[in-house]
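Commentary on secondary and tertiary structure
Spelled out, the chains give:
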Amino acid sequence: MGSAFDTLHAEALDDVILPQFAETVIYTPKNGTAVSISAIVIRDPVDGAATDRGATTRRPRELVVSITDVATPNSGGDTFGIKPMASDTTNVTYRLGGIAEQHAGGWRLLLS
């Protein structure tokens, strides 16, 4: 960590932001053991023009996770078990597609 801002940002992510806004997801590192972590799940918006007005599946696209939970993301095999909607009861497995950015204390990860 570099600046005082970086330190505060990292502490805010772990202590304030994730506890308030995160969902529990199952993170499985490549060749590793699955663990439950907290992540902010960013999903596709609901398509108001869709012909099926009853559709409720919104595909998760991105995650914001703590560097404490995901120290070294590997887009060559890490997976995340995530509910398509926060209210669902069953997880769907998504692969880590890439790293959008790293910031003090966390990652913004792209799913595929």
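Scroll up a little and you will see the structure.
The structure presented is a predicted model; accordingly, all values stated were derived computationally and were not measured.

Right, let's get into unusual backbone geometry. A positive phi angle, near 60°, is found at asparagine 31, a position not held by glycine. Relative to the assigned elements, asparagine 31 resides in the loop between strand 1 (23-28) and strand 2 (35-43).

Together, Glu11, Asp14, Asp15 and Asp69 line one region of the surface with negative charge. One can find aspartate 69 in the loop between strand 3 (60-66) and strand 4 (79-82).

Pairing within the closed barrel is antiparallel, and its six strands lie in the order 1-2-3-6-5-4. On average, each strand axis in the sheet is inclined to that of its neighbour by 45°, with strand direction left out of account. Across five bridges, the pairing between strand 1 and strand 2 is antiparallel. Following the sheet pairing, tyrosine 27 is matched in strand 2 by valine 35.

Here the focus is the pattern of salt bridges. This structure, assessed with the given rule, holds four salt bridges. Here arginine 61 ties to aspartate 44 by a salt bridge, and the two come within 2.7 Å at their closest N and O atoms. One end of the pair, arginine 61, is in strand 3; the other, aspartate 44, is in the loop between strand 2 and strand 3, with 17 residues separating them in the sequence. Given a relative accessible area of 38%, arginine 61 falls into the partly exposed group. Note that glutamate 101 and arginine 108 form a salt bridge whose closest N and O atoms lie 3.2 Å from each other. With a relative accessible area of 37%, glutamate 101 lands in the partly exposed category. Here the salt bridges do not stand alone but share partners, grouping Glu62, Glu101 and Arg108 into one network.

Counting across every chain of the model gives one aromatic pair. Where tyrosine 27 meets phenylalanine 80, the ring centres are 5.0 Å apart and the plane angle is 25°; that geometry is what we call stacked. Note that tyrosine 27 is positioned in strand 1 and phenylalanine 80 in strand 4, a separation of 53 residues in sequence. Across the pair, phenylalanine 80 and tyrosine 27 agree in class, each one buried.

Rules used throughout
Sequence order as written defines the numbering, with residues in each chain counted from 1. At least 70 in pLDDT is required for a residue's local features to be given in this predicted model, at least 80 for side-chain atom pairs to be given and counted, and no such filter applies to totals for whole chains, interfaces and linings, which use all residues. Hydrogens are left out, water is left out, and the side-chain values use all remaining heavy atoms of the structure. Working definition: helices are DSSP H or I runs of at least four residues, strands are E runs of at least two. Numbering for both runs from the N terminus. Patch construction takes residues with relative accessible area above 30% that form no salt bridge. Like charges are linked within 9 Å, and nonpolar side chains (Val, Leu, Ile, Met, Phe, Trp, Tyr) are linked within 5 Å. Methods summary: accessible areas were calculated by the Shrake-Rupley approach with a probe of 1.4 Å, and residue burial reflects only the protein chains presented. In the sections that follow, a salt bridge refers to a side-chain nitrogen of Lys or Arg positioned within 4 Å of a carboxyl oxygen of Asp or Glu. In this charge count, Lys and Arg are treated as positive and Asp and Glu as negative; neither His nor the chain ends contribute. Where a charge sits is defined by one atom per residue type, namely NZ (Lys), CZ (Arg), CG (Asp) or CD (Glu). DSSP calls a pair of strands paired once it identifies at least 2 bridges connecting them. Axis lines are fitted to C-alpha atoms, over the contacting stretch for helices. Their N-to-C directions set the angle, which ranges from 0 to 180 degrees. Relative accessibility thresholds used throughout: buried, under 20% of the residue-type maximum; exposed, over 50%; partly exposed, between the two (1.4 Å probe, protein chains only). Two aromatic rings from Phe, Tyr or Trp, using only the six-membered ring of Trp, form a pair when their centres are within 6.5 Å; if the ring planes differ by under 30 degrees the pair is stacked, by over 60 it is edge-to-face, and anything between is tilted.

Shape descriptors only; they carry no functional weight alone.
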